[in-house]
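# Examining the three-dimensional arrangement
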Amino acid sequence: MAAHKTHYEDCDVLVIGGGMAGTGAAFEARHWGRDLKIICVEKANIDRSGAVAQGLYAINCYMGMQWGENQPEDHVRYARNDLMGMVREDLGYDMARHVDSTVHMFDEWGLPMMKNEKTGRYLREGKWQIMIHGESYKPIVAEAAKKSADKIYNRIMITHLLMDEKKENRIGGAVGFNMRTGDFYVFRAKTVIVAAGGASHIFKPRAVGEGMGRTWYAPWSNGSAYALPIAVGAKMTQMENRIVLCRFKDGYGPVGAYFLHLKTYTQNANGENYEKKWYDQTKELVGEYIDHHPTPTCLRNHAFIQETIAGGGPIHMVTTEAFQDPHLETVGWENFLGMTVGQAVVWASQNIDPKYTNPELTTSEPYVMGSHATCSGAWVSGPEDLSPPEYFWGYNRMLTVDGLFGAGDTVGGSAHKFSSGSFTEGRLAAKAAVKYIKDQKAEDIKITDKQCNDFKETIFKPLEIYTVAQNEITGGTVSPSYILPIQGLQRLQRIMDEYVGGIATNYMTNANMLKRGLELLAWLEEDLEKVGAEDLHQLMRAWELKHRALTSQCVTEHTMFREETRWPGYYYRGDHMKLDDDKWHCLTVSRRDPKTGKFSLEKVPVYHIVDENEKKKAS
Ligand SMILES: Cc1cc2nc3c(=O)[nH]c(=O)nc-3n(C[C@H](O)[C@H](O)[C@H](O)COP(=O)(O)OP(=O)(O)OC[C@H]3O[C@@H](n4cnc5c(N)ncnc54)[C@H](O)[C@@H]3O)c2cc1C
């Protein structure tokens with residue numbers, strides 16, 4: 001262990017992950033905590049990290065309240081509708097009422113925003129989206145964080161949270177290692193804000209082999225945002241609500257600008273509008289939800305998936321009409337150049353010019369996220385002026401562990417935050433974290449050297465396992481005494497894919513399959529004690545895998561608990577194929593006991609605050 005030098009850093013606010021939410025948190029923590037010590041720790045480099053690393057072409061969450069375009073209530077109704085009723089409306093409203101101010105700061109900071117020439121307003125792509133030239137998006141928000149934090153640590157992966165040894169269920173910091181130097185880092189902190197993004201690669205991706213890194217969701221998003229809090233017993237919500245996306249095939253290129261701005265549309269191989277073919281069948285499953293406008297994202301996926309199973313594929317996006325307009329053709333290409341260059345390269349390699357050939361679409365493997373059209377994540381307190389008692393325990397965005405906060409993909413129940421809403425939520429969490437410190441809630445935290453040294457031993461164990469077990473390599477990289485991170489990852493992905501509703505089964509699962517999935521995940525967990533890492537990069541892979549495996553257990557437990565198919569098109573419970581509002585119009589909340597590793601689950605009421613309040617006012 002002596003080989004790995006230990007560094008100690010004491011701080012007030014520790015931000016884990018310098019993506020959209022993390023940079024927002026670092027920025028806002030400085031605003032409220034001028035005298036506080038603020039540290040941000042990032043696995044990559046915050047200039048180009050997180051889901052926005054490459055850039056974005058649109059900010060997907062902007063109300064436009066100054067022009068009366070939308071109000072926060074409208075956004076709550078929108079997110080509620082899209083998630084088939086299951087959202088935390090207090091969190092959604094809170095984000096929506098602040099998100100415009102975030103976007104106005106981005107504008108001031110120099111993010112190139114497109115403007116509507118006639119009105120002078122931001123150029124709308126859709127009701128909620130505004131268009132940007134977003135290649136520089138991430139460096140711009142990173143600059144704000146760098147100017148705000150006392151220190152940004154790049155290339156450090158956080159592997160575990162530290163818990164106070166004096167007061168039960170109170171946070172004390174986090175530990176991790178530097179992936180370049182191999183040094184061990186102990187961050188003792190009064191508050192921790194987890195902003196480590198969502199989880200890709202827990203289900204087997206369509207993109208395998210050489211294309212493995214070319215999934216829709218960033219391959220480096222490994223579920224630390226969930227695994228870190230789960231491991232210390234924080235409650236999670238809606239983890240069954242994984243997301244499946246309809247995207248351009250092979251490059252996973254985004255379709256939003258195509259649908260909304262270019263007004264392209266989809267059709268089956270016979271040139272038919274297949275969505276209406278599945279109307280009656282969908283109505284059987286979900287009732288009147290299919291008549292909602294806009295059609296919930298999962299139900300549009302459902303029609304796509306059913307049509308493909310029925311032999312109507314491939315499904316195409318009709319681009320050949322829109323691309324005849326030179327302006328739209330430019331927008332279509334620029335859309336990729338700003339955020340998914342890979343899709344343009346795939347089309348070039350497959351000889352597809354969307355002006356003459358309608359490109360193929362596909363549905364992705366499932367991902368776990370809390371900020372997109374889905375709301376998996378931590379169960380957090382809402383703001384005091386909005387939240388009903390069950391949703392409020394003192395500090396906005398605080399998890400069920402004292403002093404531990406979350407933002408962005410970390411936070412469950414609040415979908416459709418996207419980049420701007422995640423930054424906003426980081427700001428909200430940081431403001432509350434500073435208040436928590438100023439309220440003297442973080443006094444006398446005790447972290448012993450033993451706790452830190454035990455983690456140090458655990459963290460670097462995969463390097464030792466490899467060093468010893470490499471002597472037993474029987475051929476290539478195979479040794480009976482270790483499992484390599486890539487081997488473990490592929491095993492995990494197959495379990496999730498085949499038993500928990502991935503692409504292998506057209507997103508279908510049931511209680512028996514889930515039960516078997518949980519057994520296999522438990523054995524995997526056992527075997528991951530023997531994961532071997534050849535170098536520091538593989539050590540990161542090993543810890544990414546362990547975080548993915550824990551996240552997967554939680555997803556599987558939740559999927560087992562909710563005995564209905566709430567979101568056909570995201571996944572199906574074959575033994576409970578219908579949406580069941582009588583029994584399941586509720587949120588699911590889990591907790592894993594850190595001592596036993598056992599999960600317990602409960603139903604929590606979903607409060608429709610926005611329209612309930614209006615109804616009350618009216619009566
Ligand atoms: C493909 C794709 C396209 C999107 N398109 C749009 C769009 O067009 N418009 C829009 O507004 N939004 C879009 N979004 C949504 C937006 O990117 C997310 O809502 C937002 O990035 C979430 O912020 P976050 O901070 O939670 O996660 P991220 O921004 O992903 O940041 C998480 C950070 O945590 C770091 N990290 C992870 N684990 C650790 C660890 N263990 N230790 C230290 N650091 C760690 C990561 O490196 C990363 O920097 C898109 C998302 C995806 C995936």
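Refer to the structure above for everything that follows.
Residues numbered from 1 in each chain as written. Predicted model: local features only at pLDDT ≥ 70, side-chain atom pairs only at ≥ 80, totals over all residues. Heavy atoms only, no water.

## Quick notes on unusual backbone geometry
With omega at -5°, the peptide bond leading from histidine 293 into proline 294 counts as cis. Along the chain, proline 294 turns up in the loop between helix 7 (279–286) and helix 8 (297–309). Cis geometry marks the peptide bond from glycine 313 to proline 314, where omega comes out at -5°. Secondary-structure assignment places proline 314 in the loop between helix 8 and strand 12 (316–318). (Helix = DSSP H or I, 4+ residues; strand = E, 2+ residues; numbered from the N terminus.)

## With respect to a nonpolar patch on the surface
Together, Leu337, Val341 and Val345 make up a nonpolar patch on the protein surface, roughly 250 Å² of accessible area in all. One can find valine 341 in helix 10 (residues 341–349). What makes valine 341 partly exposed here is its relative accessible area of 34%. (Patch = residues over 30% accessible without salt bridge, like charges linked within 9 Å, V, L, I, M, F, W, Y side chains within 5 Å. Areas by Shrake-Rupley, 256 points an atom, 1.4 Å probe, with all protein chains shown as cover. Salt bridge = Lys/Arg side-chain N within 4 Å of Asp/Glu carboxyl O. Buried < 20%, exposed > 50% of the residue type's maximum accessible area, 1.4 Å probe, protein only.)

## Here's the deal with the pattern of salt bridges
For the structure shown, the criterion picks out 45 salt bridges. Across the pair glutamate 135 and arginine 48 runs a salt bridge, and its minimum N-O distance is 2.6 Å. With a gap of 87 residues between them, glutamate 135 in the loop between strand 4 (130–134) and helix 4 (137–148) and arginine 48 in the loop between strand 2 (38–41) and strand 3 (56–59) connect regions that are remote in the sequence. The exposure class assigned to glutamate 135 is partly exposed, which follows from its relative accessible area of 44%. Residue arginine 494 pairs with glutamate 498 through a salt bridge whose shortest N-O separation is 2.9 Å. Taken together, the residues span about one helical turn, with arginine 494 and glutamate 498 both in helix 13 (residues 485–499) at a distance of four residues.

## With respect to the side chain of histidine 608
For histidine 608, the position within the fold is in the loop between strand 19 (599–605) and helix 17 (609–618). A distance of 2.7 Å separates a polar atom in the side chain of histidine 608 from a polar atom in the side chain of glutamate 89. Here histidine 585 takes part through its side chain, which lies 2.8 Å from a polar atom of the side chain of histidine 608. Setting aside chain neighbours within four positions, we find histidine 608 in contact with Arg80, Gly85, Glu89 and His585. (Polar contact = N/O pair within 3.5 Å; in protein donor to acceptor, adjacent residues only side chain to side chain. Contact = heavy atoms within 4.5 Å.)

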